[in-house]
Amino acid sequence: MKKLITAVVLSTVLLVNAAFANKTENVNYKVENAFNQEFAQAKEVNWQKTANFYRASFKMNNEVMTAYFTPDGELMGVIHNMLSNQLPINLQTSLKKEYDGYWITELFECAKSDSNSYFVTMNNADQVITLQSVDGTSWSVYSKTKK
Amino acid sequence: MKKIILSLTVAAAILSSSFTYAATKEPGFKVKQAFSTEFTQAKDVEWTVMNKEGVYQAKFVFNNETLQAFFTEEGDFLGTTRQISQSQLPILVAAGLNKDYTDARVVTIFEYSKKDGTEYYITLVTKKGAIIVKATGSGEFTVHQRNVK
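Because the structure is a prediction, the values reported are computed rather than measured.

Moving on to the overall build of chain B. Of the regular secondary structure elements, chain B holds three helices and nine strands. In chain B, the succession of α and β elements from N to C terminus is α-β-α-β-β-β-β-α-β-β-β-β. Counting only residues that meet the buried cut, chain B has 36% of its 149 residues in that class. Sequence separation of 24 or more characterises 42% of the internal contacts of chain B that already satisfy a separation of 6 or more.

Moving on: unusual backbone geometry. A positive phi is found at Glu 44 of chain A, a non-glycine position, where the angle reads about 50°. By the element assignment, Glu 44 of chain A lies in strand S1 (residues 43-49). Although it is not a glycine, Asp 44 of chain B sits at a positive phi angle of roughly 50°. You can see Asp 44 of chain B is positioned in strand S2 (residues 43-50). On the basis of neighbour counts, which here come to 9 C-beta atoms within 10 Å, the residue Asp 44 of chain B falls in the exposed class.

Across a sheet, strands are paired by hydrogen bonds formed along the backbone, either parallel or antiparallel in direction. All names here are of chain A. The strand order S1-S2-S3-S4-S5-S6-S7-S8 describes an open sheet built from eight strands, whose pairing is antiparallel. The open sheet has two edge strands with one neighbour each: S1 and strand S8 (140-146). Sheet twist, expressed as the mean angle between neighbouring strand axes with direction ignored, is 20°. Relative to strand S3 (residues 63-69), strand S2 (residues 54-60) runs antiparallel, the two being bridged by seven bridges. Counted as the bridge partner of Tyr 54 is Phe 69 from S3. The strands that helix H2 (residues 29-38) touches are S2, S3 and strand S4 (75-81); relative to S3, the one it contacts most, it runs at about 140°.

Residues Ala 67 of chain A together with Ile 91, Val 93, Ala 94, Tyr 120 and Ile 122 of chain B are the most contacted members of the largest nonpolar core, which totals 29 residues. By residue number, the principal contributor to this core is helix H3 (residues 91-100) of chain B, which donates six residues. When near neighbours in sequence (up to four residues on either side) are disregarded, Ile 91 of chain B contacts Met 65, Val 78, His 80, Glu 109, Ala 111 and Asn 116 of chain A. Counting 16 residues, the second largest nonpolar core, distinct from the first, contains Ile 89 of chain A together with Phe 62, Leu 67 and Leu 78 of chain B.

Our next topic: the pairing of strand S9 (residues 141-145) of chain B. Residue and element names in this part refer to chain B. Judged from the four bridges that link them, strand S8 (residues 129-136) and S9 form a sheet pairing that is antiparallel. When the sheet's bridge partners are listed, Ile 132 is paired in S9 with Gln 145. Counted between consecutive antiparallel strands, the loop separating S8 from S9 contains four residues, among which Gly 139 sits at a positive phi close to 85°.

In this section: the interface of chain B and chain A. In this assembly, 28 residues from chain B lie in contact with 28 residues from chain A. Of all the elements in the fold, those that place two or more residues in the side of chain B that touches chain A are strand S4 (65-72), strand S5 (77-84), H3, strand S6 (105-114) and strand S7 (117-126) of chain B. It is H3 of chain B that contributes the most residues to the side of chain B that touches chain A, six residues altogether. Grouping the amino acids of the side of chain B that touches chain A by side-chain chemistry returns seven nonpolar, 14 polar and seven charged.

Okay, the pairing of S7 of chain B next. Residues and elements named next belong to chain B. Pairing geometry for S6 and S7, over nine bridges, is antiparallel. The residue bridging Lys 114 from the neighbouring strand is Gly 117, located in S7. Joining the antiparallel neighbours S6 and S7 is a turn of two residues. Bridge count for S7 against S8 is eight bridges, and the pairing is antiparallel. Bridge pairing in S8 places Tyr 120 opposite Ala 135.

Reading predicted coordinates in detail is not appropriate for stretches of low pLDDT. Within chain B, residue pLDDT values average 86, and 82% of them lie at 70 or more. Confidence estimates for the predicted assembly give a pTM of 0.81 and an ipTM of 0.82.

What follows deals with helix H2 (residues 29-38) of chain B. All names here are of chain B. Regarding H2, the residues found buried are Val 31, Ala 34 and Phe 35. Take H2 and look down its axis: the buried residues cluster within an arc of 100°, on one side only. Exposed residues pointing more than 90 degrees away from the buried face of H2 are listed as Phe 29, Gln 33, Ser 36 and Thr 37. For H2, the secondary structure elements touched by its buried residues are strand S3 (55-62), S4 and S5.

Scoring rules and cut-offs
Residues numbered from 1 in each chain as written. Chains lettered and ligands numbered in written order. Predicted model: local features only at pLDDT ≥ 70, side-chain atom pairs only at ≥ 80, totals over all residues. Helix = DSSP H or I, 4+ residues; strand = E, 2+ residues; numbered from the N terminus. Buried ≥ 20, exposed ≤ 12 C-beta atoms within 10 Å, placed from the backbone. Contact = placed C-beta atoms within 7 Å. Pairing = 2+ DSSP bridges. Axes fitted to C-alpha atoms, helices over the stretch in contact; angles between N-to-C directions. Core = buried A, V, L, I, M, F, W, Y, C linked by C-beta atoms within 7 Å. Nonpolar A, V, L, I, M, F, W, Y, C, P; charged D, E, K, R; others polar. pLDDT = per-residue confidence, 0-100. Arc of directions from axis to C-beta.

Put into structure tokens, the structure is as follows:
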């Protein structure tokens, strides 16, 4: 019985390793090299390939991030879901001042090679509003829909 | 020019471990009004003034975090500072830090949020000694101070 359990555990480990190995093999050299240069200390990297781009999910500073690359290794962008207290203070205070009565349903940072933006989606009883901050100083309305 | 000097004053205050030149003092109406407009839900507010420059500092709790906000005597808002962790850095700053300062140990990080943008002051210990680097939100780094003691 013990031998059987050991065999099952071993085969499971081998299968999992094989699955991850295949995912890594799917990434071409350019993309992998670009990723390693950009995110030197990334951990738990997991690759997915689509028809047009590569997607890497990974951890950096214990935060989960997702990076998108073209097949030529160009970084298209990085997405990081975040909590409101991770926003720069001026963006937090302007949300409190100007959107009192709304609740946040989604908040993420989107970074490209030389710029970063924040997107926040908020609801109140009547509408859903998405704001964008490109320069980290103020919010602008990205989209607005009535419920 | 005055704005630059005041901004540098705030930067120095961020990086100073003790405010030896600061004294407890309640500000005038203009400063208090500017503060309550900017921080509608602030709690436990304590005021000090940096005598030399006439800059008021409010230390307070906002969203369960301790912040410092800086104002001129005329009630002009200079910015807000807070200590943050590495996980709170913007992606490009965190990635740049990992890439350009691989062997350095991060000691403290202060966020300095102003009307025209946010800067990050990061104290690092490297093999050559301690340095303070300044980063913009888009990941541009400059050395702010070398040989920090």
